[in-house]
Amino acid sequence: TLKQARIFQEMTEAQQQQMLNELFLEAGSAYWEWYRAYLDVKVLNNAILLAEQRFEAVKQSAETGERPTIDTLEANIQWQNRSIQLQQSQLTLNNAKAQLAVFLWQEGNIPLELEENTIPASSDIGLADMGSMENIDSLIISHPLFVQSQLKLNDLEVQRRLQSEMLKPELNLKYNALSGAAAYEDPLYNNNYTFGLQFSMPLFLRKERGDLRMTKVKLQQGTQDLDNKKAEINAKINMAMNELNTNRQLISLQEQTVENYNNLLIGEKSLFNGGESSLFMVNSREMNFIQSQLKLNALLSKQFIAQLKLAYALGTLNETI
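Residue numbers restart at each chain and count upward from 1, following the sequence in its written direction. This being a predicted model, a pLDDT of at least 70 is required before a residue's local features are given, and a value of 80 or more before pairs of side-chain atoms are given or counted; all residues contribute to the totals for chains, interfaces and linings. The basis for every side-chain value is the complete set of non-hydrogen atoms in the structure, without hydrogens or water.

Here we come to the overall build of the protein chain. In this description a helix means any DSSP run of H or I spanning at least four residues, a strand means any run of E spanning at least two, and both kinds are numbered starting from the N terminus. Looking only at helices and strands, the protein chain has eight helices and four strands in total. Each helix and strand of the protein chain, placed in order from N terminus to C terminus, yields the pattern α-α-β-β-α-α-β-α-β-α-α-α. We call a residue buried when its accessible area falls under 20% of the maximum for its residue type, exposed when it is over 50%, and partly exposed in between, using a 1.4 Å probe and counting protein chains only. A burial count over the protein chain gives 33% of its 321 residues as buried. Throughout, a residue-residue contact means that at least one pair of heavy atoms, one from each residue, lies within 4.5 Å. A separation of at least 24 residues holds for 80% of the contacts in the protein chain among residues at least 6 apart in sequence. When the accessible area of the protein chain is evaluated, it comes to approximately 20500 Å², of which 53% is carbon and sulfur surface. Note on areas: these come from Shrake-Rupley sampling with a 1.4 Å probe, and a residue is covered only by the protein chains present in the view.

Laid out in structure tokens, this is it:
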């Protein structure tokens, strides 16, 4: 019973560790979703400003006859579309702030809310050093989920040893201390001997043998489950590392894409100002540039969440965040 109590205590600690890992993964993911929504709103606010400036410029040019009147309609439509997109992004930002506030509590179980002027920290924020990834096996055996499976196996081993003891015969040594004639008159001293042995053994032991067989079967299943858990954790670690590495490459490519779209936009504006391009082409280039920025924001958010997932897969998120 003492051994099982110790195992239960260790199992409880491992469960708490896993619960903390899950909590930090949810909270961290909520933070980086809020970060993405904030960046999106920032990009679209700038896009709205550019659309307003272009609308006013085109309107003045149309009044002087330099531009056709239909260009003012085109510029106004672009401003309206971006206003709708901004409102949708603002809604996403507000919902992300509300979701993040779920994890904000003051001492004394007092819920907190983010203030309106609160903004995410710099993207330089991240996880602490997770150490070398070369020895994955040593990281897996300390994972809370693996530890729980191992402890369940240890508990079954304790049960097996106890049930094996139940199959053994019982041998009792008895001793009566005879100290005088008065002792023989006491009911406790009716057995007229100083030392005695009592041996007993059940004839069939059906129940005890059945329990032992069942425990051995559970031990075999537990060993298989432990191997499966190790393989499962290892697979999740590899998947998290693959996602992290792929996101790094995608971010690098997307940053180049954003720069290229910006160069195209600058060139198209020069052509437009020189009368060699149309407002439609400028708006098209600008929308491509805006969409590429939004996609980059999504990749950055996924990258930070991928870091959380890797630490979670290693079972060390509550230690590295």
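Between helix H1 (residues 2-64) and helix H2 (residues 70-101), the least distance of the axes is 8 Å, while the angle of their chain directions is 160°. As judged from the angle between their axes, H1 and H2 are roughly antiparallel. For the pair H1 and H2, the sense of crossing is left-handed. Note on residue classes: Ala, Val, Leu, Ile, Met, Phe, Trp, Tyr, Cys and Pro are nonpolar, Asp, Glu, Lys and Arg are charged, and everything else, Gly too, is polar. Residues of the contact of H1 with H2, tallied by class, amount to 21 nonpolar, nine polar and eight charged. Lines are fitted to the C-alpha atoms to define the axes, a helix being fitted only along its stretch in contact, and any angle between axes, read from their N-to-C directions, falls within 0 to 180 degrees. Note on angle classes: values under 35 degrees are labelled roughly parallel, values over 145 roughly antiparallel, values of 65 to 115 roughly perpendicular, and the remainder oblique. What makes a crossing left-handed is the near helix being turned counterclockwise from the far one by less than a right angle; a clockwise turn instead makes it right-handed.

Along the chain, glutamine 78 falls in helix H2. Given the relative accessible area of 13%, glutamine 78 is considered buried. Setting aside residues up to four positions removed in sequence, glutamine 78 forms contacts with Asn283 and Met287.

Pairing of aromatic side chains requires ring centres within 6.5 Å, counting the rings of Phe and Tyr and the six-membered ring of Trp. Pairs whose planes differ by under 30 degrees are stacked, by over 60 edge-to-face, and all others tilted. Tallying each qualifying case throughout the model produces five aromatic pairs. Centroid distance tyrosine 31 to tryptophan 32: 4.9 Å. Interplanar angle 85°. Geometry classified as edge-to-face. Tryptophan 32 matches tyrosine 31 in its accessibility class, with the two residues each being buried. Consider the rings of tyrosine 35 and phenylalanine 304, whose centres lie 6.0 Å apart with planes at 90°: the pair is edge-to-face. Of the two residues, tyrosine 35 sits in helix H1 while phenylalanine 304 sits in helix H7 (residues 279-314), which places them 269 residues apart along the sequence. Of the two residues examined, tyrosine 35 and phenylalanine 304, each falls in the buried class. Each residue in the set Tyr31, Trp32, Trp34, Tyr35 and Phe304 is aromatic and connected to the rest through ring pairs, giving one cluster.

Working rule for helices: expected span equals 1.5 Å times residues minus one. If you check helix H4 (residues 144-166), its first and last C-alpha atoms are 33 Å apart, about what 23 residues at 1.5 Å a residue would give, namely 33 Å. Looking only at H4, the buried set comprises Pro144, Phe146, Gln148, Ser149, Leu151, Leu153, Asp155, Leu156 and Gln163. Buried residues belonging to H4 abut H1, helix H3 (136-140) and helix H6 (206-273).

Take a nonpolar patch on the surface next. Together, Leu171, Leu173, Tyr175, Phe195, Leu197, Phe199 and Met201 line one region of the surface with nonpolar side chains, adding up to about 890 Å² of accessible area. Contributions of two or more residues to the nonpolar patch are made by strand E3 (170-175) and strand E4 (195-200). Tracing the sequence through the fold places leucine 173 in strand E3. According to the relative accessible area criterion, leucine 173 is exposed, its value standing at 65%. Here a patch means residues that are over 30% exposed by relative accessible area and free of salt bridges, tied together within 9 Å if like-charged and within 5 Å if nonpolar (Val, Leu, Ile, Met, Phe, Trp, Tyr). What makes a salt bridge here is a side-chain nitrogen of Lys or Arg within 4 Å of a carboxyl oxygen of Asp or Glu, nothing more.

Now for the pairing of E3. Put simply, side chains in a regular strand alternate between the two faces of the sheet. For E3, the buried fraction is low: zero of the six residues fall into the buried class. Sheet topology note: the E3/E4 ladder contains six bridges and is antiparallel. By the bridge assignment, leucine 173 is partnered in E4 with leucine 197. Only when DSSP finds a minimum of two bridges between them are two strands counted as paired.

What is meant by a nonpolar core is a set of buried Ala, Val, Leu, Ile, Met, Phe, Trp, Tyr and Cys residues, joined one to another through side-chain atoms within 4.5 Å. Judged by nonpolar contacts, the single largest core of 24 residues is most densely connected at Trp32, Trp34 and Ile290. Elements that contribute at least two residues to this core include exactly H1, H2 and H7. Ranked by residue count, the leading element in this core is H1, at 13 residues. Ignoring sequence-local partners within four residues, the contact set of isoleucine 290 consists of Val43, Leu44, Ala47 and Arg82. If you look at the next biggest cluster of nonpolar residues, it comprises 16 residues, including Leu156, Ile237, Leu244 and Ala306.

On inspection of all chains with the given rule, the structure shows nine salt bridges. Notably, a salt bridge pairs lysine 229 with glutamate 232, separated by 3.9 Å at the nearest N-O pair. Of this pair, lysine 229 and glutamate 232 both sit in helix H6, three residues apart, which is roughly one turn of the helix. Judged by its relative accessible area of 36%, glutamate 232 is partly exposed.

Let's shift gears to the environment of isoleucine 119. For isoleucine 119, the location among the structural elements is in the loop between strand E2 (110-111) and H3. On a C-alpha basis, the gap between isoleucine 119 and tyrosine 35 in space is 8.1 Å, while along the polypeptide they are 84 residues apart. Apart from residues no more than four positions distant in its own chain, isoleucine 119 is found in contact with Trp34 and Tyr38.

Another point: H7. End to end, H7 covers 53 Å across 36 residues, agreeing with the expected 52 Å (1.5 Å per residue, within 8%). Phi turns positive, to about 80°, at glycine 315, one or two residues after H7.

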